[in-house]
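Here is how the chains run, residue by residue.
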Amino acid sequence: MPTWPWRTPLQTHPDVVVQDARSADVAELIAFAKQDPVDAALLGEHVEAMSSYGFYRDQLLCIREPQGLTGLCWTGGNLVPLRLSDVAVEAVADHVRRRSRRFSSVVGPAHDVMRLWEAMRGFAPTPRDIRPDQPSMVIDGDPLVAPDPGVSLTSVNDLDLLLPACVAMFTEEVGYSPLTAGGGYERRVRSLVQGGRSLSRIEEGPEGRRVVFKAELGTVALGVTQVQGVWVHPDLRGQGHAVAGMAAVVAYARAQVAPLVSLYVNSYNAPALAAYRKVGFREVGTFATILF
């Protein structure tokens, strides 16, 4: 874990109030997030859960200016800002420092993430990676290609096959194994499988059964499904599994989960961008991620 040197002096922002959501009206927060459901999906799932899980409330920051509620920022394992004004960016950075918040990444709409990161540079540790250009893509109709009929919900009985594929995807994407942080990642994978939010194609290979393609419906909120963890076995890439597999994921998600399917992807990942466009995804914005 990085060390967090909270060393710069606090500032005052008289026109901005930053407070957690313990006394907030959940309906107001949901209505605010629904104004930008694709941008807000990452924190929207937590907002929607607040009616049932009150402990989430102290992890969501509500930003209020004279005109009312103007922004939100989730401060759990990740920092997820949404629609922060210039003055709110500074106020949120001060709040994060004052509360000694620790997190593994800052992720969300690029406009919010990159400005918040600039405000945090004076006290945050050096990031491992900065990804400022991650196209945000959506599809709200049927996929343009035939879905792979071999892709289906992952069975709990196949967790022993799925987990190594998930670990390989994460390690390839982020640069280290998620298992180094304890059992949280394995529990997350299991919960997605048990919740009907993991899809995969598993078939016999030269050395036994293996995962050919897999993806997770990592976030479901505000009428949006955000697909995460898309992965094709390295030996089988370039054979169309990503396109047909994603078409199956879209068809399932739109029919069973939410009408709008989204994802974000690194701009330099040309094969992934090409595959998603073939399925019918279109770009609607830009995300950014700061990894610590």
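Just so it is clear, the structure is predicted and the values come from calculations on it, not from any experiment. (Residues numbered from 1 in each chain as written. Predicted model: local features only at pLDDT ≥ 70, side-chain atom pairs only at ≥ 80, totals over all residues. Heavy atoms only, no water.)

Can you walk me through the sheet that holds strand β9 (residues 208–221) in this structure?
The strand order across the open sheet built from 12 strands is β1-β2-β3-β4-β5-β12-β6-β11-β10-β9-β8-β7, with neighbouring strands paired in mixed fashion. Two strands in the sheet have a free side with no partner beyond their single neighbour: β1 (17–20) and β7 (152–153). This element, helix α5 (residues 159–174), spans β6 (129–139), β8 (198–205), β9, β10 (224–232) and β12 (282–291) of the sheet and lies at about 65° to β9. (Pairing = 2+ DSSP bridges. Helix = DSSP H or I, 4+ residues; strand = E, 2+ residues; numbered from the N terminus. Contact = heavy atoms within 4.5 Å. Axes fitted to C-alpha atoms, helices over the stretch in contact; angles between N-to-C directions.)

Looking at this structure, how should I read unusual backbone geometry?
Trans peptide bonds make up the majority, and among non-glycine residues the majority have a negative phi. A positive phi is found at Arg83, a non-glycine position, where the angle reads about 55°. Within the secondary structure, Arg83 is located in the loop between β4 (78–82) and α3 (86–98). Exposure remark for Arg83: the relative accessible area of 32% places this residue in the partly exposed category. Of note in this structure, Leu222 is not a glycine but carries a positive phi near 60°. Mapped onto the fold, Leu222 is located in the loop between β9 and β10. (Buried < 20%, exposed > 50% of the residue type's maximum accessible area, 1.4 Å probe, protein only.)

Would you explain the pattern of salt bridges in this entry?
It is possible for side chains of opposite charge to pair when their charged atoms get near one another. In the structure shown here, the tally under the stated rule is 19 salt bridges. We note a salt bridge from Arg64 to Glu28, for which the minimum N-O separation is 2.9 Å. Here Glu28 lies in helix α1 (residues 26–33) and Arg64 lies in strand β2 (residues 60–65), a separation of 36 residues in the sequence. The class of Glu28 is partly exposed, set by a relative accessible area of 30%. One salt bridge connects Glu172 with Arg237, and the closest N-O pair in it is separated by 3.2 Å. You can see Glu172 sitting in helix α5 and its partner Arg237 sitting in the loop between β10 and α7 (241–256), a full 65 residues away along the chain. Owing to a relative accessible area of 52%, Glu172 belongs among the exposed residues under this scheme. Of the residues examined, Arg237 reaches a relative accessible area of 37% and is grouped as partly exposed. One network of salt bridges, in which partners are shared, links Asp20, Arg22 and Arg99. (Salt bridge = Lys/Arg side-chain N within 4 Å of Asp/Glu carboxyl O.)

Got a minute to help me understand helix α8 (residues 270–279) in this structure?
In an α-helix, one turn spans 3.6 residues, which is why side chains three or four residues apart end up on the same side. Along α8, the positions that sit buried rather than exposed are Ala272, Leu273, Ala275, Tyr276 and Val279. Taken end-on, α8 shows its buried residues confined to a sector of 165°, consistent with a single buried face. Facing away from the buried side of α8, by more than 90 degrees, are the exposed residues Pro271 and Lys278. Looking at the buried positions of α8, the neighbouring elements they touch are β6, β10, α7, β11 (260–264) and β12. (Arc of directions from axis to C-beta.)

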